[in-house]
Amino acid sequence: MNHGSPELTLDLGAFSLTFNLSTVLMLVITAVVVFLIAFIATRNLKLKPTGMQNFMEWIMDFVKGIIKSNMDWKTGGRFHILGITLIMFIAVANLLGLPFSGIIINDQLWWKSPTADPTVTLTLASMVTVLATFYGIRMQGSKHYFGTFFQPMSFMFPLKIIEEFANTLTLGLRLYGNIYAGEILLGLLAGLAGSSVFGFVGAIIPTMAWQGFSIFIGFIQAFIFTMLTMVYLSHKVSADH
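Residues numbered from 1 in each chain as written. Predicted model: local features only at pLDDT ≥ 70, side-chain atom pairs only at ≥ 80, totals over all residues. Heavy atoms only, no water.

Side note on the overall build of the chain
Part 1 of the reasoning: On a plain count of helices and strands, the chain comes out with eight helices and four strands.
Part 2 of the reasoning: Put simply, the chain runs from its N terminus to its C terminus through helices and strands in the order β-β-α-α-α-α-β-β-α-α-α-α.
Part 3 of the reasoning: Along the three orthogonal principal directions, the C-alpha set of the chain runs to about 65 × 55 × 35 Å.
Part 4 of the reasoning: Counting only residues that meet the buried cut, the chain has 34% of its 241 residues in that class.
Part 5 of the reasoning: Taking as baseline every contact in the chain between residues at least 6 positions apart, the subset at least 24 positions apart corresponds to 68%.
Part 6 of the reasoning: When the accessible surface of the chain is summed, it comes to about 14000 Å², and 71% of that surface belongs to carbon and sulfur atoms. (Helix = DSSP H or I, 4+ residues; strand = E, 2+ residues; numbered from the N terminus. Buried < 20%, exposed > 50% of the residue type's maximum accessible area, 1.4 Å probe, protein only. Contact = heavy atoms within 4.5 Å. Areas by Shrake-Rupley, 256 points an atom, 1.4 Å probe, with all protein chains shown as cover.)

Section: the confidence of the model for the chain
Should the pLDDT be low somewhere, the predicted coordinates at that spot are not to be read in detail.
Part 1 of the reasoning: Looking at the chain as a whole, the pLDDT averages 84, with 91% of positions reaching at least 70.
Part 2 of the reasoning: Across the chain, the secondary-structure element scoring lowest on mean pLDDT is strand β3 (residues 103-105), at 63, and the one scoring highest is helix α4 (residues 80-95), at 94. (pLDDT = per-residue confidence, 0-100.)

Concerning the packing of aromatic side chains
Part 1 of the reasoning: With the rule as written, the count across this model stands at 12 aromatic pairs.
Part 2 of the reasoning: Of the aromatic side chains, those joined through ring pairs into one cluster are Tyr 145, Phe 146, Phe 149, Phe 150 and Phe 157.
Part 3 of the reasoning: The ring centre of Trp 73 lies 5.0 Å from the NZ or CZ of Lys 64, which sits over that ring. (Phe/Tyr/Trp six-rings, centres within 6.5 Å; stacked < 30°, edge-to-face > 60°. Lys NZ or Arg CZ within 6 Å of the ring centre and 35° of its normal.)

Thoughts on the pattern of salt bridges
Part 1 of the reasoning: Applying the stated criterion to the full structure yields one salt bridge.
Part 2 of the reasoning: Residue Glu 164 is joined to Lys 236 by a salt bridge in which the shortest nitrogen-to-oxygen separation is 2.6 Å. You can see Glu 164 sitting in helix α7 (residues 157-193) and its partner Lys 236 sitting in helix α8 (residues 197-237), a full 72 residues away along the chain.
Part 3 of the reasoning: Using a relative accessible area of 18% as the deciding quantity, one classes Glu 164 as buried. (Salt bridge = Lys/Arg side-chain N within 4 Å of Asp/Glu carboxyl O.)

Focus: the packing of helix α5 (residues 118-140) against α8
Part 1 of the reasoning: At their nearest, the axes of α5 and α8 sit 8 Å apart, and the two run at 25° to each other. When the axes of α5 and α8 are compared, the pair comes out roughly parallel. When you trace α5 past α8, the crossing you get is right-handed. Only Phe 225, Thr 229, Tyr 232, Leu 233, Lys 236 and Val 237 of α8 make contact with α5, whose side of the interface consists of Leu 124, Ala 125, Val 128, Leu 131, Ala 132, Tyr 135, Gly 136, Met 139 and Gln 140.
Part 2 of the reasoning: Residues that form the contact of α5 with α8 fall into these classes: 11 nonpolar, three polar and one charged. (Axes fitted to C-alpha atoms, helices over the stretch in contact; angles between N-to-C directions. Parallel < 35°, antiparallel > 145°, perpendicular 65-115°, else oblique. Left-handed = near helix turned anticlockwise from the far one by under 90°. Nonpolar A, V, L, I, M, F, W, Y, C, P; charged D, E, K, R; others polar.)

Examining the UniProt feature "transmembrane region" (unreviewed entry) in the chain
Part 1 of the reasoning: Mapped onto this numbering, the UniProt entry gives "transmembrane region" (unreviewed entry) at residues 20-42, 79-100, 120-137, 184-205 and 211-233.
Part 2 of the reasoning: Overall, residues 20-42 shows 96% helix and 4% strand. The separation of its end C-alpha atoms is 33 Å.
Part 3 of the reasoning: A helix fraction of 100% and a strand fraction of 0% characterise residues 211-233, whose end C-alpha atoms lie 33 Å from each other. (UniProt positions renumbered as here; feature names shortened; annotations may be inferred.)

Some words on empty space enclosed by the protein
Part 1 of the reasoning: Tallied over the entire structure, the rule returns one cavity of 30 Å³ or more.
Part 2 of the reasoning: Leu 171, Arg 174, Leu 175, Gln 221, Ile 224, Phe 225 and Leu 228 are the residues that line the largest cavity.
Part 3 of the reasoning: Sort the elements by how many residues they give to the lining of the largest cavity and α8 lands first, with four residues.
Part 4 of the reasoning: Broken down by class, the residue content of the lining of the largest cavity amounts to five nonpolar, one polar and one charged. (1 Å grid on protein atoms, 1.4 Å probe; cavity = no way out; pocket = protein on both sides within 12 Å on 5 of 7 lines; lining within 4 Å. Points joined across faces, edges and corners; volume = space filled by probe spheres on them.)

This is the structure:
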């Protein structure tokens, strides 16, 4: 597991930006895969869905159920596309590192799940927080929105600010921790398999078992992230909050 990450640093004078090329590559691949799934599933729509269209409509109904469990559809319907995009993108991102886990070129890790990078998961969580704040102000008004930070007592304001940061951190780090831990174990099993013939034989069953479990975890974490996103949005935009 002693390997680095391919990086590109841009010197902008007063400051510099460093990009993890592996993460950028995997994010692009994830976006392309999600686009292809959506395109193939919707390119030939029929009144009686079959195949990929049936799968896509199931995802739409599943996300609709998540939204309706947190807020009324009149309020939450505008977040339907967001939920579909999140659950598909995160599910694909979580599973992408499993087939070719641990591809290393010139002692640099190039192939991994992008959600095994905390920068990606915390960015997604921050985007959710910013979006929830935007819609909270837009739908409730700035006076009502910022007034909730002082309810039920004004001394709650510091705790409400801490809660905002805590929600963002837990949303992002929960996803990162689960996916990163899974890929670490897969890397260890791959190392065992490559150590000797006996190591290869001994690693077959644990690797297959953990691959299956990782697929389950990947889908569950995509569901949890989408569910919590809708919970946070509901707290910001619903009139009874």
